[in-house]
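Now for the letters of each chain:
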Amino acid sequence: MAKFQLYTIVAPCFIILVCLSGMETGGKFTWLQRDRFDEVVGKYINAIKGHNCAPRSKADMMMRDDIVTQIPKANELLSKVFYSNRSVLVHMHNMALNRAFFMSYILQRMNSTEDYSIQPNLHYLYMSVTADINANPYAINGSSIVFDQDVYYPNWLTNLDFNKTIPLFGVKGWRKDNTFAQGNFIREPNRRVVQCQDIGAGNNKNYTHDGYKMNPWYDFWLPDLDGQEDKSNKFTYSVGIRYSNVTGKFIKEDFDVFNFFGPNLPSQSEKDIGKMPVRFTVPYFDCGKSNTWKVSAVAPIVDFFPRYSNYTHMRRQRFVGVITMDTDFMKIDFNPCGVSAGNPGPSYLAGVARCKDHTGCKAKSGKGYGRGGYICHCKGKYVYPMDIQGPYDGKLIEMSTNEERANSFNCIRGDHYRVLPIVDQNADVTVEFGVANINTRKKRSLLSINETDSVHYGSEKHGKVEIRERETVKETIKVEFEQNQKKKEKKKRKKRTTDYGDRSEFDQMRFDRMIRIFRQKVSINKDNCKSVPASSLNLPGDAAYDVENQFKFQGATALRLSHFLSIFLETVQITDNFGNLRGGGRLHQDHLFGEVLANVMGDHRILSSGIFFEPYIFENTDGTAKELFGPYAFKDRGVAKAIDMAGLPRKYIFEDWYQNIKQSWETNTAKLKKHKMNQLVRSDAKGTSSIKFEYYPIGYYAPKYEDGLWSHPKFKCDGMTDNWVMTYSIPFFRRDYVAKKNKFAGVVTVDVPLDNLEINQCPMAFSVANAFKNTARCHKSTKCKMIPGYKYSRGAYRCDCKQGYEYQFADGKNFIEGSLVELEYEKKVKGLFSRFDSLVCRVQGGATAVAVNYFSVLIGMIVSLMMSR
């Protein structure tokens, strides 16, 4: 009988268990449905590979134009915040513009018969694209300099008449996988090998034809045969240069002004993508070259054409070629969240995130083209269960089973939300005291009495107070205020902790130091910098915390120039000659002036840039060595200028940034890494075939980004930059053929503005060198998180509720802005009405503390019944 009763209880419960458990016959992951992400993978990424791309049509190897979104535009770089998931695209944009400025400048600068032989030669172009790639191992995977039909005059072909063009010429480089290369014993790719070739030679060489695979970059500006829109598609740039032939003296005091045509400079209101100086291709398969899916940033090269002609009235500024910078499509982040203000459409992949209805979606950086690159956070008026530390990771959601999906990743509806009080921030405070209740003044804010003018001693309610009594009261309050302040300071010295960040005395000192740094930075400008002590022009090094990450790509621009100089000075000899290919040659001073000018013109975050040679290393075209040579470019009210720093009275070799690098590398170059360039060149002037260069591969040694040094913030009071800057310095090297080793040859620098640095006030470990750490005023119920996009300003953080707490205001957010916290604290200190004490998270309510899991409750009921039997 007992067994029968037990069965009658257990059997129905088991049936209910099966129904509520969500068991499905289709498997554990049937909730996952195919979407647009899977469509792109199946149609493009998995379908087209290097071994089967040749017979495919061009349309099959080009994706939709709305797959890669939030493309950087030149006229938005100063006004729009581009977050870390688009930093690589911004760098590609700037590097393409950099090389377009250089090629446009140098071709027009050396547009004469006398300069024909010293124009950038074959070595220069091949080594330039190699440096672009090797200096950016995780950002740029391909680089090209490609010319249109019959516009390129090669000064390196000995069997071609002067003033003759070749049909096609384009240097293309891409990163080569050297996993199984000879000498790579660990069988791991080191990302230091570049394959380069002239794509205008060999089979299938006509990249101007629609059937070429692949050339989506060609049609943006080429061919440029109609001059109707020259004024709207090209822009005239003016640069000034001061030369020096003797150390400590310039040739003349004025700048030599040179005007040249370059890529367009659109207005801020320009909407036409065709007017931008840089455009991005759709994702395409680079068939026959790197055999990977690429996205390219493309910028045009401008030159007068025809170049060498007595009929100057027939010449016009013309797009003669393009610069491309490539990156792997699989490394580009996409935003899987729905279309919104932070994810504007059209976006083909928008909405593929799998957040639940009561959670909001936010994309994560660094995930590339893969599932789970997002987080799901609770929307307003919803909270995480007490035992969950949010937000929910998209990768875990994508891997969840049917049961996990149904019973997890939930948010709970909260209750009793209130509105944050609205207080007039500019209102004066009036505090009234009566004689009958004079002792209650201790309970009031003595600080506000001392700071406020509108204080009344007495009222109609308590009777009139004589003037002498008012004075007595005022003096009494003043004395008690001073005594109270002393007591407070004494108490703070013993233990200075509050609910707002548990701020110790040391942290308060750090906050005061932060304020001093801000004041010092604001007080120095170009008008008074020469009259203040030298110590006032320097800030401590920890005031530039995280500069190496936030300005990584500006440092990589200097590294790119270091790589180019190193490969040229280590591998090129002046007398090199390779049959019909003229090699060798020297670097010309106008080449290097063009390089530093391109650095400051191509990136608005680079204020100045320079190349500084060791004494007697740089040689003139006649073979004589200059004692010093230091081309240095800067921006003067929006105009790029350059000087030879050798002409200044003080020699640059005595500057601290130069000495620090030299001392590190003068006697020991063992840390340098070897890089390679595999070079394929044309066999003849017509480009009948491609052959290996006589030196194949070409190896050189160069530093990596971490080998450079960032300086502390300083005000550069030199009459040129005149701004608070941080300087990145990186060495370059030359080959000493007598000693048979590489030697230190000089330093490349870039200066970036301190105003563009984003500070972090959140708590950090004691060992972290950050002048602003632990200065955020988040309440102990919250945790601090930095907000990117705010340039060198206080309050660039948010206070998120900790686990077990919930946001208590009905304003559509789930965090407290740091800027609001800072503002309300300042009002509180000044004795004004403040909402500072309200900016906290409340303890999570009992009704919403734990999510009800009916499945678990039912199991508990069954177990209890069975045990009771």
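The model shown is predicted, which means the values in this text are computed figures rather than measured ones.

### Re the environment of V725
Moving on, step 1. Looking at the element boundaries, V725 is found in strand β27 (residues 723–736).
Moving on, step 2. Overall, the relative accessible area of 0% leaves V725 in the buried class.
Moving on, step 3. Sequence separation between V725 and V750 is 25 residues, and the spatial gap between their C-alpha atoms is 9.5 Å.
Moving on, step 4. If near-sequence neighbours (up to four positions away) are discounted, V725 is found in contact with L607, H712, P713, K714, K716, D751, V752 and L754.

### Considerations on the state of the cysteines
Moving on, step 1. Going through the model one piece at a time under the given rule, you end up with 8 disulfides.
Moving on, step 2. A disulfide bridge connects C529 with C717, and the sulfur atoms are separated by 1.9 Å. The chirality of the disulfide connecting C529 with C717 is right-handed, given an S-S dihedral of about 60°. You can see C529 sitting in the loop between α10 (505–523) and α11 (547–550) and its partner C717 sitting in the loop between β26 (714–716) and β27, a full 188 residues away along the chain. With respect to class, C529 is no different from C717; both count as buried.
Moving on, step 3. Across a sulfur-sulfur distance of 2.0 Å, C762 and C784 are joined as a disulfide pair. Note on the C762 and C784 pair: the S-S dihedral is about -65°, so by sign convention the disulfide is left-handed. Remark: C784 occurs in strand β29 (residues 782–786) and C762 occurs in the loop between β28 (741–753) and β29; sequence separation between them is 22 residues.
Moving on, step 4. The partly exposed category is assigned to C784, whose relative accessible area is 21%.

### Concerning the packing of helix α12 (residues 552–571) against helix α13 (residues 589–602)
Moving on, step 1. Orientation of α12 relative to α13, taken along the N-to-C sense of each, is 160°, at an axis distance of 11 Å. When the interaxial angle is binned, α12 and α13 end up roughly antiparallel. In this structure, α12 crosses over α13, and the sense of that crossing is right-handed. Two secondary-structure elements touch here, α12 through T557, R560, L561, F564 and L565 and α13 through L592, E595, V596 and N599.
Moving on, step 2. Grouping the amino acids of the contact of α12 with α13 by side-chain chemistry returns 5 nonpolar, 2 polar and 2 charged.

### Here's the deal with the packing of aromatic side chains
Moving on, step 1. The full count for this structure, using the stated rule, is 56 aromatic pairs.
Moving on, step 2. Aromatic pair Y153 and F305: ring centres 6.4 Å apart, planes at 50°, arrangement tilted. Highlighted residues: Y153 in the loop between β1 (142–147) and β2 (169–175) and F305 in strand β8 (residues 293–305), separated in sequence by 152 residues.
Moving on, step 3. Classification of F305 as buried rests on a relative accessible area of 15%.
Moving on, step 4. Geometrically, the ring pair formed by W665 and F733 is edge-to-face, given 5.7 Å between the ring centres and 70° between the ring planes. Within this pair, whereas W665 is found in helix α14 (residues 656–665), its partner F733 is found in strand β27, the two being separated by 68 residues in sequence.
Moving on, step 5. According to the relative accessible area criterion, W665 is buried, its value standing at 2%.
Moving on, step 6. Clustering of aromatic rings is evident, with ring pairs tying together F612, Y632, F634, Y652, W657, Y658 and F744.
Moving on, step 7. The side chain of K234 reaches across the aromatic face of F319, ending 4.1 Å from its centre.

### A short note on the sheet that holds strand β32 (residues 815–817)
Moving on, step 1. On the basis of which strands lie adjacent, the open sheet formed by 3 strands has the order β29-β30-β32 and antiparallel pairing. What marks the edges here is a single partner per strand, and that holds for β29 and β32. Looking at each pair of strands side by side, their axes are set apart by 30° on average, direction ignored.

Conventions adopted
- Residues numbered from 1 in each chain as written.
- Predicted model: local features only at pLDDT ≥ 70, side-chain atom pairs only at ≥ 80, totals over all residues.
- Heavy atoms only, no water.
- Helix = DSSP H or I, 4+ residues; strand = E, 2+ residues; numbered from the N terminus.
- Buried < 20%, exposed > 50% of the residue type's maximum accessible area, 1.4 Å probe, protein only.
- Contact = heavy atoms within 4.5 Å.
- Disulfide = S-S within 2.5 Å.
- Axes fitted to C-alpha atoms, helices over the stretch in contact; angles between N-to-C directions.
- Parallel < 35°, antiparallel > 145°, perpendicular 65-115°, else oblique.
- Left-handed = near helix turned anticlockwise from the far one by under 90°.
- Nonpolar A, V, L, I, M, F, W, Y, C, P; charged D, E, K, R; others polar.
- Phe/Tyr/Trp six-rings, centres within 6.5 Å; stacked < 30°, edge-to-face > 60°.
- Lys NZ or Arg CZ within 6 Å of the ring centre and 35° of its normal.
- Pairing = 2+ DSSP bridges.

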